[in-house]
Amino acid sequence: MSGANKRVWIAGASGTLGKVLVNRFNHTTDYKLLTSDLDVPIDNLSEVNRFCDISHPDVIINCAALTDVKLCEENPEEAYRVNAIGARNLAVAAKRVSARLIYISSDDVFTGKNRTPLNEFDKPEPLSVYGKSKLAGEHFVETLTDKHVIVRSSWLYGHGHRNFVDRVLELAKAGETIVLPDDGYSSPTSSIALADFISYMIDSKSYGVYHASCEGYCTREEYVQEILSIAGISDYKLRVEDEYVRPTFTPLDNMMLHITKEYQMPEWKEALRAYITKECI
Ligand SMILES: NC(=O)c1ccc[n+]([C@@H]2O[C@H](COP(=O)([O-])OP(=O)(O)OC[C@H]3O[C@@H](n4cnc5c(N)ncnc54)[C@H](OP(=O)(O)O)[C@@H]3O)[C@@H](O)[C@H]2O)c1
């Protein structure tokens, strides 16, 4: 089936990544976007099934999640309800209507104890409730529907939603202290770059687990320094705090993309510059 005939459901359409994807599909006639104003609650299987039975998606992109790591630590049942059971429900519905399922996962599925970037063949062993619930979601997807792609990414920022980059710039411009979690090393990833990859994956014939972060990695402090340097801000206040359990070294090695040569993610500094200087839409 060509793109023009494909019906795409974006679960979590109001989030950082969801908004970028909605914007993209709203500006093309290649696909028919099925997202309604009110997101279907993914933790409710009958509502998920009902939506799929009525709208018959060919592709489901699961961007819906409880992404607040601290909130997940404090409310594990809520975290598993959305991130694991929600993922299960979408996998069940995808199988039922024979849709391709793209599940967005996270670098937090790894322990962070390694000292080299983690590829798709490394064993996930999450420490946080958030990471454990996302891995549980992956397992449901893998076991419940064949036509799936699991896309792990990291440190997402993007247009149309309050995000880390915007918050840092706001605080610096207001002369307020930028307080950072001490969450180690990872790869800042533009939601536009990730949306590009997801769009590619919709029509690809590939299946399985893919790492798709922007290339390269840094500490959260280096990330902030790069944001401020691109924005030309040299006078700022910064404090690093160790607040809750998080992985410490979780840069993703996009090994599947390197091996297959099917797609190239941009360098994180390049994508960040494009975002801050508005070189991208
Ligand atoms: N943010 C990151 O740094 C990061 C890094 C790696 C991977 N990821 C993954 O990438 C995906 C997208 O992340 P994001 O940053 O775009 O997340 P986000 O901005 O927090 O958005 C999450 C979306 O999920 C929706 N949602 C939450 N509970 C729901 C439920 N029960 N039913 C339906 N929708 C629900 C939210 O709607 P409401 O706002 O209405 O609750 C929101 O639209 C997630 O799977 C996340 O785990 C994120």
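Preceding this section is the structure that the text describes.
Below: a short report on this structure. (Residues numbered from 1 in each chain as written. Predicted model: local features only at pLDDT ≥ 70, side-chain atom pairs only at ≥ 80, totals over all residues. Heavy atoms only, no water.)

Observations regarding the overall build of the chain
- Looking only at helices and strands, the chain features ten helices and twelve strands.
- Against the globule reference of 19 Å for 281 residues, the chain gives a C-alpha radius of gyration of 18 Å, in line with a compact fold.
- Nonlocal contacts in the chain, meaning residues at least 24 apart in sequence, comprise 84% of its contacts between residues at least 6 apart.
- Per element, the accessible surface of the chain, about 12700 Å² overall, is 49% carbon and sulfur.
- For the chain, the distance from the average site of its 31 positive side-chain charges to the average site of its 40 negative ones is 4 Å. (Helix = DSSP H or I, 4+ residues; strand = E, 2+ residues; numbered from the N terminus. Rg over C-alpha atoms; globule rule 2.2 N^0.38 Å. Contact = heavy atoms within 4.5 Å. Areas by Shrake-Rupley, 256 points an atom, 1.4 Å probe, with all protein chains shown as cover. Lys, Arg positive; Asp, Glu negative; His and termini not counted. Charge placed at Lys NZ, Arg CZ, Asp CG, Glu CD.)

Some thoughts on the side chain of S186
- Tracing the chain through its elements places S186 in strand β8 (residues 185-186).
- Within the structure, S186 has its side chain in polar contact with the side chain of D107 (distance 2.7 Å).
- Setting aside chain neighbours within four positions, we find S186 in contact with D107, S154, W155, Y217, C218, T250 and P251. (Polar contact = N/O pair within 3.5 Å; in protein donor to acceptor, adjacent residues only side chain to side chain.)

Regarding the site of the ligand
- Taken together, 24 residues are adjacent to the ligand, and S14, D43, T67, Y130 and K134 come closest.
- Contact with the protein chains hides 76% of the accessible area of the ligand, taken as 910 Å² for the molecule alone.
- Of all the elements in the fold, those that place two or more residues in the shell around the ligand are α1 (16-26), β4 (100-106) and α5 (129-144).
- It is β4 that contributes the most residues to the shell around the ligand, three residues altogether.
- The class makeup of the residues in the shell around the ligand is twelve nonpolar, ten polar and two charged. (Near = heavy atom within 4 Å. Nonpolar A, V, L, I, M, F, W, Y, C, P; charged D, E, K, R; others polar.)

Details of the sheet that holds strand β2 (residues 31-33)
- Spatially, six strands are ordered β2-β1-β3-β4-β5-β10 in an open sheet, and the strand pairing comes out parallel. Of all the strands in the sheet, the pair left with one neighbour each is β2 and β10 (208-211). Put simply, the sheet's adjacent strands are angled 25° from each other on average, direction ignored.
- Here strand β5 (residues 148-153) runs beside β10; their pairing, made up of four bridges, is parallel. Each residue of the ladder has a partner; that of V151, found in β10, is Y210.
- Packing against the sheet, helix α4 (residues 76-97) makes contact with β1 (6-11), β3 (59-62) and β4, and its axis sits at approximately 165° to β4.
- Across the sheet, helix α7 (residues 191-203) is in contact with β1, β2, β3, β4, β5 and β10; its angle to β4 comes to roughly 150°. (Pairing = 2+ DSSP bridges. Axes fitted to C-alpha atoms, helices over the stretch in contact; angles between N-to-C directions.)

Some details on α5
- Look at α5: 22 Å from first C-alpha to last across 16 residues, which is about the 22 Å you get at 1.5 Å a residue.
- Among the residues making up α5, those that are buried are V129, Y130, G131, S133, K134, L135, G137, E138 and V141.
- Here the buried face of α5 lies against α3 (69-74), α4, β4 and β5. (Expected span 1.5 Å × (residues − 1). Buried < 20%, exposed > 50% of the residue type's maximum accessible area, 1.4 Å probe, protein only.)

Focus on the environment of E78
- Among the secondary structure elements, E78 is positioned in helix α4.
- C-alpha separation for the pair E78 and S133, spaced 55 residues apart in sequence, amounts to 9.8 Å.

Considering the state of the cysteines
- In total, this model carries zero disulfides according to the counting rule given.
- Here C52 stays free of any disulfide, with the sulfur of C63 as its closest cysteine sulfur at 15 Å.
- Lacking any disulfide linkage, C218 is separated from the closest cysteine sulfur, that of C214, by 11 Å. (Disulfide = S-S within 2.5 Å.)

Topic: the nonpolar core
- Counting 52 residues, the largest nonpolar core has I10, I61, I102 and Y223 as the members making the most contacts within it.
- In terms of residue count, the dominant contributor to this core is α7 (eight residues).
- Aside from chain neighbours lying at most four places away, what touches Y223 is W155, Y157, F164, V165, P188, C218, W268 and L272.
- In this structure, V40, V48, C72 and I150 belong to the second largest nonpolar core, which totals 29 residues. (Core = buried A, V, L, I, M, F, W, Y, C linked by side-chain atoms within 4.5 Å.)

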